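Residue-level structure breakdown
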Amino acid sequence: MAAGAPPVRTFPSFMTEGSLLFRRGEYGKALGCFNNALKLRAGDRDCLAARSKCYLRLGDTDNSLKDAEASLQNDKTFSKGLYQKAEALYTMGDFEFALVFYHRGYRLRPELHKFKLGIEKSQEAIINCIGAPSSVKLENKGNLCFVSKQAECKQKVQIKLAKNQKWTKNQKPVRNPKTERELLGELYADKAYLEKLLNDKDLMESSTQQGIKVKDLVLGGISYLESRSEFWQQQKPIYARVRERKLRQQRWTRDKKQKPLEVGRYVEKIMEDIDMLLSGDSPAESCKKAKRVLKKVQGWSEHELPNRKELIADLYSRIGKAQLEMGQMEAALQSHKRDLEFARQHDLPDAVSRALDNIGRVYASTRRFQPAIDTWEKRIPMVKSNLERTWLFHEIGRCYLKLDKAKAAQTYGQKSLQAADEEGDAEWQLHALILVAQAQVRLKDYRPAILTFEKALDKATLLHDEAAQKAIVIALDEVSKSFMEQLSERGEDPTAQSLKEDCSGANTKVDSFEKDAEGEAGAGARRGR
């Protein structure tokens, strides 16, 4: 590649970047990434499903449905495509067809909670529109003469409308402002503001830098809000909302009178639902539910819920984890800090340890390595098991390595190795050996680094980890070359040294291996949670 030329983008890099942007809520940019990815690999079903999700968030339901159907073209059982098609249909107001595809997905993948949630919300929307089947009672009595009378009345009304010309096809019925406020909620103020802007004639005649008329943008915004209000009216009519408020009030009154044992069972079930949503790729729903439960629990007394304090701290932690999954790093950090502060105020040592662990993870994820180290080092005296200890020492060591403090990284790598040896965990022994070897390379202690990498290679062979074996062999080759050069600079005979002879001649640098090893360590870290 020529010097200064931009790096060649690949399909996986576009997919990764698009997924990250989507989690951050930058749907327009994410859509661009998925478009570029499909140019490189046309018809890729995973990319089509991801782009369908983007279109849906941007309000383009037609293109969302097209992409979802395209992802199912070659495989009708593709679960992501089925879910996206169901979501697009639901958003378009086709609740019956959405229910069909939610059911198809649920039959194929019953372990995915999102299909079950889709079935429930579709059924609820249908019932809200037409009522529950149990509420409809058909009676076999009377005659059918009312049909002809109804037809006559309808004909008269049509003639009257034609004469008066008071109603046209393009006219829309005027909705009660109170009803519209109920449907739009917080968005009602935005719609009112846009309608007010229409009165500013000078502004409406102006254009943006891209040449788009401001009037078109304002009308587009009003049109979108009207279509949303129509959808929400269809999804949950006003009478259904009133009924839901009454039921919610009744449940709240009933919950207040519940016995501690019943409350405990209820909370246990809710916490399971929150965890299931988080593990089932629905962090936003998990976060929303956890916040609702937190507000409810804070209103209960110690008599109603004996473990109320532990539960509040636990909910702060779950909210933080969901926010981290959504890419909301600062919000996640604040949630975990609230968990830490609450745990310290109420003397909850286990919760303090957990909060410090999560805060360190957020710092490390955002490349703030020194705060991560400071936080994790406070947790060291609280760690109870060797497995936790080996993970914690390893992560602190990696942070020191990122800060180019190789000596400290080596020390913590050796501590991690010692804890892994005590636990007898071969996989963590491998991670710790790799960390120690990388630190020794940074310190230019090439001979010890070679010996450590050889031990790591033995562990990788024992674990049948072919990817780790390959990466270690490449690293050994590079370290051996560096060792030869060091000996030559000292005036020593390189051929007199005993080095590993079966290393490959690849030209990959040790830094690239560090990235591979870091990925391995990250996977191990998730298993060690």
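If you're wondering where the values come from, they're calculated on a predicted model, not measured in any experiment. Counting restarts for each chain: residues are numbered from 1 in the order of the written sequence. Only residues with pLDDT of at least 70 get local features here, since the model is predicted, and only at 80 or more are side-chain atom pairs given and counted; chain-wide, interface and lining totals rely on the full set of residues. Hydrogens are left out, water is left out, and the side-chain values use all remaining heavy atoms of the structure.

**Considering the overall build of the protein chain**
Under the convention used in this document: For helices the rule is a DSSP run of H or I covering at least 4 residues; for strands it is a run of E covering at least 2, with both sets numbered from the N terminus onward. Here the term buried applies to any residue with accessible area under 20% of the maximum for its type, exposed to any over 50%, and partly exposed to those in between, with areas from a 1.4 Å probe on protein chains only. Residue burial considers only the protein chains on display, and all accessible areas are found by Shrake-Rupley using a 1.4 Å probe.
Counting secondary structure elements, the protein chain contains 25 helices and 0 strands. Of all 529 residues assigned to the protein chain, the portion counted as buried reaches 40%. Here the protein chain has roughly 31500 Å² of accessible surface; of this, 51% comes from carbon and sulfur atoms.

**So, helix 16 (residues 308–325)**
One full turn of an α-helix is made of 3.6 residues, so residues set three or four places apart face in the same direction. Short version of the rule: An expected span of 1.5 Å times one less than the residue number is assigned to each helix.
Relative to the 26 Å expected for 18 residues at 1.5 Å per residue, helix 16 spans 26 Å between its end C-alpha atoms, a close match to the ideal helical length. Of all 18 residues making up helix 16, 13 are buried, and the element is well covered by its neighbours. Positive phi appears at glycine 327, one or two residues downstream of helix 16, with a value of about 85°.

**Remarks on the state of the cysteines**
Threshold: By definition, disulfides here are pairs of cysteine sulfur atoms that lie within 2.5 Å.
Counted under the stated rule, the structure contains 0 disulfides. Cysteine 54 supplies the cysteine sulfur nearest to cysteine 47, a cysteine that is in no disulfide, at a spacing of 9.3 Å. With no disulfide of its own, cysteine 54 has cysteine 33 as its nearest cysteine by sulfur position, at a separation of 8.8 Å.

**Observations regarding the packing of helix 3 (residues 45–57) against helix 4 (residues 61–71)**
Our working definition: Here an angle of 0 to 180 degrees is reported between the N-to-C directions of two axes, which are lines fitted to C-alpha atoms, with helices fitted over the stretch in contact. By the definition adopted for this analysis, an angle is roughly parallel if under 35 degrees, roughly antiparallel if over 145, roughly perpendicular if from 65 to 115, and oblique otherwise. Two helices cross in a left-handed way if the nearer one is turned anticlockwise from the farther one by less than a right angle. They cross in a right-handed way if the turn is clockwise. Contacts were defined at the residue level, with two residues in contact if any of their heavy atoms lie within 4.5 Å. Residue type decides the class: Asp, Glu, Lys and Arg count as charged, Ala, Val, Leu, Ile, Met, Phe, Trp, Tyr, Cys and Pro as nonpolar, and the leftover types, Gly among them, as polar.
For the pair helix 3 and helix 4, the least separation of the axes is 8 Å and the interaxial angle reads 165°. What the angle tells us is that helix 3 and helix 4 run roughly antiparallel. Once helix 3 is placed against helix 4, the crossing between them reads as left-handed. Residues Arg45, Leu48, Ala49, Arg51, Ser52, Tyr55 and Leu56 of helix 3 form the contact with helix 4, whose own contacting residues are Thr61, Asn63, Ser64, Asp67, Ala68, Ala70 and Ser71. Taken together, the residues that form the contact of helix 3 with helix 4 break down as 6 nonpolar, 5 polar and 3 charged.

**Quick look at the packing of helix 1 (residues 11–23) against helix 3**
Two elements in contact, helix 1 and helix 3, have axes whose closest approach is 11 Å; the angle formed by their N-to-C orientations is 30°. Between helix 1 and helix 3, the crossing angle belongs to the class labelled roughly parallel. Classified by chirality, the crossing of helix 3 by helix 1 is left-handed. Between helix 1 and helix 3, the contacting residues are Phe11, Met15 and Phe22 on the first element and Asp46, Cys47, Lys53, Cys54 and Arg57 on the second. The residue makeup of the contact of helix 1 with helix 3, split by class, is 5 nonpolar, no polar and 3 charged.

**Thoughts on the packing of aromatic side chains**
Cut-off, in case you're wondering: Here is the rule: rings of Phe, Tyr and Trp (six-membered ring for Trp) pair when centre to centre is within 6.5 Å. Planes less than 30 degrees apart are stacked, more than 60 are edge-to-face, and the remainder are tilted. Counting as a charge over the ring demands two things of the Lys NZ or Arg CZ atom: a distance within 6 Å of the ring centre and an angle within 35 degrees of the ring normal.
Evaluated as defined, the whole model comprises 8 aromatic pairs. Here tryptophan 376 and tryptophan 391 contribute two aromatic rings whose centre-to-centre distance is 5.6 Å and whose plane-to-plane angle is 80°, an arrangement assigned as edge-to-face. Separated by 15 residues along the polypeptide, tryptophan 376 in helix 19 (residues 369–379) and tryptophan 391 in helix 20 (residues 386–402) bring together distant segments of the chain. Tryptophan 391 shares its class with tryptophan 376; the two are buried. Ring-pair connections join several aromatic residues into one group, and the members of that group are Tyr83, Tyr102 and Phe115. Taking the ring centre of tyrosine 83 as reference, the NZ or CZ of lysine 114 above it sits at 4.6 Å.

**Some words on the environment of isoleucine 312**
Along the chain, isoleucine 312 turns up in helix 16. On a C-alpha basis, the gap between isoleucine 312 and valine 293 in space is 9.2 Å, while along the polypeptide they are 19 residues apart. Dropping the residues within four chain positions of it, isoleucine 312 is found in contact with Leu294, Val297, Gln298 and Phe342.

**As for the confidence of the model for the protein chain**
Spelled out, the test is: Confidence of the predictor at the level of single residues is captured by pLDDT, which takes values from 0 to 100.
Averaged over the protein chain, the pLDDT score is 79; the fraction of residues at 70 or greater is 74%. Segment residues 156–174 is flagged for pLDDT under 50; beyond a separation of four residues in sequence, or across chains, it makes 7 contacts in the model. Segment residues 498–515 is flagged for pLDDT under 50; beyond a separation of four residues in sequence, or across chains, it makes 37 contacts in the model.

**Description of the pattern of salt bridges**
Short version of the rule: Salt bridges, as used here, are contacts in which a Lys or Arg side-chain nitrogen is within 4 Å of a carboxyl oxygen on Asp or Glu.
Tallied over the entire structure, the rule returns 20 salt bridges. Ionic pairing is found between arginine 51 and aspartate 67, a salt bridge with its closest N-O pair at 2.6 Å. Separated by 16 residues along the polypeptide, arginine 51 in helix 3 and aspartate 67 in helix 4 bring together distant segments of the chain. For the pair arginine 51 and aspartate 67, one class covers both residues: buried. With a shortest N-O distance of 3.3 Å, arginine 361 and aspartate 357 are connected by a salt bridge. Of this pair, arginine 361 and aspartate 357 both sit in helix 18 (residues 349–365), 4 residues apart, roughly one helical turn. For arginine 361, a relative accessible area of 12% corresponds to the buried category. On the basis of relative accessibility, which here comes to 10%, the residue aspartate 357 falls in the buried class. Each member of the salt-bridge network shares a partner with another, and the members are Asp275, Asp314, Arg318, Asp339 and Arg354.

**Considering helix 2 (residues 27–40)**
The test is simple: Within this analysis, the arc is defined by the directions that extend from the helix axis to the C-beta atoms.
The end-to-end C-alpha distance of helix 2, which contains 14 residues, comes to 20 Å, matching closely the 20 Å that a straight helix rising 1.5 Å per residue would cover. Within the sequence span of helix 2, burial applies to Ala30, Leu31, Cys33, Phe34, Ala37 and Leu38. Looking down the long axis of helix 2, one finds its buried residues gathered within 160° of arc, a one-sided arrangement. Exposed and oriented more than 90 degrees from the buried face of helix 2 are Lys29, Lys39 and Leu40. Lining the buried residues of helix 2 we find helix 1 and helix 3.

**Quick notes on unusual backbone geometry**
In terms of backbone geometry, most residues other than glycine have negative phi values and most peptide bonds are trans. Phi at aspartate 347 is positive, roughly 55°, even though this residue is not glycine. Along the chain, aspartate 347 falls in the loop between helix 17 (329–345) and helix 18. A relative accessible area of 64% places aspartate 347 in the exposed class. One non-glycine residue, histidine 464, lies in positive phi territory at about 55°. Along the chain, histidine 464 falls in the loop between helix 23 (446–462) and helix 24 (466–490).

**Topic: the environment of asparagine 36**
Inspection of the secondary structure puts asparagine 36 in helix 2. Judged by its relative accessible area of 30%, asparagine 36 falls in the partly exposed class. As a C-alpha pair, asparagine 36 and threonine 10 span 26 residues in sequence and 9.3 Å in three-dimensional space.

**Looking at the side chain of arginine 318**
Test applied: Pairs of N or O atoms within 3.5 Å make up the polar contacts considered here, provided that, within protein, one atom can donate a hydrogen while the other can accept it, and that residues adjacent in sequence are counted only when both atoms are side-chain atoms.
Here arginine 318 is to be found in helix 16. Residue classification places arginine 318 among the buried positions, given a relative accessible area of 16%. Here aspartate 275 takes part through its side chain, which lies 2.8 Å from a polar atom of the side chain of arginine 318. Beyond its immediate sequence surroundings of up to four residues, arginine 318 is in contact with Met271, Ile274 and Asp275.

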